[in-house]
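Okay, here's what each chain looks like letter by letter:
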Amino acid sequence: MEKLLDAKRRQISNTCMFSERSLDMLKRKMSVDYYRKGTNIFWEGDPSGKLFYVIRGRVKLLKSGDDGKDLALHYFMSDDLFGELNCFGCGEYSFTACAAANCTIGVIREQDVEEALLENTGLSLDFMKWAGAMNHYTQVKMRDLLFYGKNGALASTLIRMMHGYGRNETDGVHYSIRLTNAELAQLIGSTRETVNRMLQAWKKDGAIDYRHGSIVIKDLNYLKSICHCEDRCPMNICRL
């Protein structure tokens, strides 16, 4: 069972395109830091130059608006890689990374990344694939938000949550994490009140329900129709 869970997590992680050899090369360059829930790993505008690998925990990537509100762009889980490097034209971090749970994080300095890339062409190719996948990941999320409105963005978010945090039970799909309506609103650039109204309408239509205060998906096709889901995105793209 543990091997099956590890295999599923590997399929969903954003490092799934790295070979085991390439990933091991990066891991050998890591130092390990620990972050308590709610602490920031780095701030938007800080000098960039490090990559971060989630060994354990969950990290939220935020983009601040001029009005002071934050948009949650990504949630990173175990085996995910994130960060920005000077050598790729990123002099400052474009986002704020916050520990959404107690985290164990592997930290890789830019100099060590450069050395590893120069030493191994296979790692360089895998790294390019990772960078391309991260761009694709962001573009798809922005598409859902811009083209299909708040309803489409929320429906897409609930579907994405299923990959990595969902489990099938007799009465529907349950989540292993609980995000508040305010946190869901942060993921779609909306307000808690708007999310409340949308969820109540979907509950009335029988698409979702609640158990112990947590959302249960009853009709997945209903949500897919709202966000025009075509079931084409790979697992490492269709996720929080």
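The rules behind each value
- Residues numbered from 1 in each chain as written.
- Predicted model: local features only at pLDDT ≥ 70, side-chain atom pairs only at ≥ 80, totals over all residues.
- Heavy atoms only, no water.
- Helix = DSSP H or I, 4+ residues; strand = E, 2+ residues; numbered from the N terminus.
- Rg over C-alpha atoms; globule rule 2.2 N^0.38 Å.
- Buried < 20%, exposed > 50% of the residue type's maximum accessible area, 1.4 Å probe, protein only.
- Contact = heavy atoms within 4.5 Å.
- Areas by Shrake-Rupley, 256 points an atom, 1.4 Å probe, with all protein chains shown as cover.
- Lys, Arg positive; Asp, Glu negative; His and termini not counted.
- Charge placed at Lys NZ, Arg CZ, Asp CG, Glu CD.
- pLDDT = per-residue confidence, 0-100.
- Pairing = 2+ DSSP bridges.
- Axes fitted to C-alpha atoms, helices over the stretch in contact; angles between N-to-C directions.
- Core = buried A, V, L, I, M, F, W, Y, C linked by side-chain atoms within 4.5 Å.
- Disulfide = S-S within 2.5 Å.
- Polar contact = N/O pair within 3.5 Å; in protein donor to acceptor, adjacent residues only side chain to side chain.

Engineer: Sorry, what's going on with the overall build of the protein chain here?
Structural biologist: Along its length, the protein chain carries 8 helices and 12 strands. Its C-alpha atoms give the protein chain a radius of gyration of 18 Å, within 12% of the compact-globule value 18 Å for 240 residues. In terms of its C-alpha atoms, the protein chain occupies a principal-axis envelope of roughly 55 × 45 × 30 Å. When each of the 240 residues of the protein chain is scored for burial, the buried share is 46%. Within the protein chain, counting contacts between residues at least 6 apart in sequence, those at least 24 apart form 72% of the total. Accessible surface for the protein chain amounts to roughly 12,600 Å². Of this, 50% is attributable to carbon and sulfur atoms. Averaging the coordinates of the 33 positive side-chain charges in the protein chain and doing the same for the 30 negative ones gives two points 6 Å apart.

Engineer: Looking at this model, I keep getting lost on the confidence of the model for the protein chain. Mind explaining?
Structural biologist: Low pLDDT means the predicted atomic positions in that stretch should not be read closely. Averaged over every residue, the pLDDT of the protein chain is 90; residues scoring 70 or more account for 95%. In the model, residues 1-6 has pLDDT below 50 throughout and makes 0 contacts with residues more than four positions away in sequence or in other chains.

Engineer: Sorry if this is basic, but what is going on with the sheet that holds strand E4 (residues 59-64) here?
Structural biologist: Hydrogen bonding along the main chain pairs the strands of a sheet, whether they run parallel or antiparallel. Strand order in the open sheet formed by 4 strands is E2-E7-E4-E5, with antiparallel pairing between adjacent strands. For this open sheet the edge positions go to strand E2 (40-42) and strand E5 (70-76), each flanked by a neighbour on one side alone. Across the sheet, the mean angle separating the axes of adjacent strands is 30° when strand polarity is ignored. Here 2 bridges tie E2 to strand E7 (residues 96-99), and the two strands are oriented antiparallel to one another.

Engineer: In this structure, what is going on with unusual backbone geometry? I would like to understand it.
Structural biologist: Trans is the common state for peptide bonds, and a negative phi is the common state for residues other than glycine. The phi angle at His 228 is positive, at roughly 55°, despite the residue not being glycine. The residue His 228 is located in the segment after helix H8 (220-226) in this model. Overall, the relative accessible area of 48% leaves His 228 in the partly exposed class. Non-glycine residue Asp 231 carries a positive phi angle of around 55°. Within the secondary structure, Asp 231 is located in the segment after H8. For Asp 231, a relative accessible area of 57% gives the class exposed.

Engineer: Honestly, the nonpolar core in this entry has me stumped. Any pointers?
Structural biologist: Across soluble globular proteins, nonpolar side chains show a tendency to be buried alongside one another. Counting 37 residues, the largest nonpolar core has Phe 18, Ile 41, Val 59, Phe 82 and Ile 105 as the members making the most contacts within it. Sorting elements by how many residues they give to this core places helix H4 (residues 121-147) first, with 7 residues. If we ignore the near neighbours within four places in the chain, the residues touching Ile 41 are Tyr 35, Phe 52, Val 59, Phe 82, Ala 97 and Ile 105. If you look at the next biggest cluster of nonpolar residues, it comprises 35 residues, including Met 161, Tyr 165, Ile 215 and Leu 240.

Engineer: Help me understand the pairing of strand E9 (residues 166-169), please; the structure alone is not making it clear to me.
Structural biologist: Both faces of the sheet carry side chains from a regular strand, because those side chains alternate between them. Where E9 meets strand E10 (residues 172-175), 4 bridges bridge the pair, whose relative direction is antiparallel. Residue pairing across strands places Glu 169 opposite Gly 172, the latter belonging to E10. A loop of 2 residues connects E9 with E10, the two strands running antiparallel in sequence.

Engineer: Any chance you could explain the state of the cysteines here in plain terms?
Structural biologist: Enumeration according to the criterion identifies 0 disulfides in this entry. Sulfur of Cys 229: no disulfide; nearest cysteine sulfur belongs to Cys 227 and is 5.2 Å away. Relative accessible area serves as the criterion here: at 29%, Cys 229 is assigned to the partly exposed category.

Engineer: Teacher, can you tell me more about the side chain of Thr 96 here?
Structural biologist: Along the chain, the position of Thr 96 falls in strand E7. A distance of 2.9 Å separates the side chain of Thr 96 from the backbone nitrogen of Glu 44, its partner in a polar contact. Leave out the neighbours within four places in its chain, and Thr 96 touches Asn 40, Phe 42, Trp 43, Glu 44, Lys 60, Leu 61 and Leu 62.

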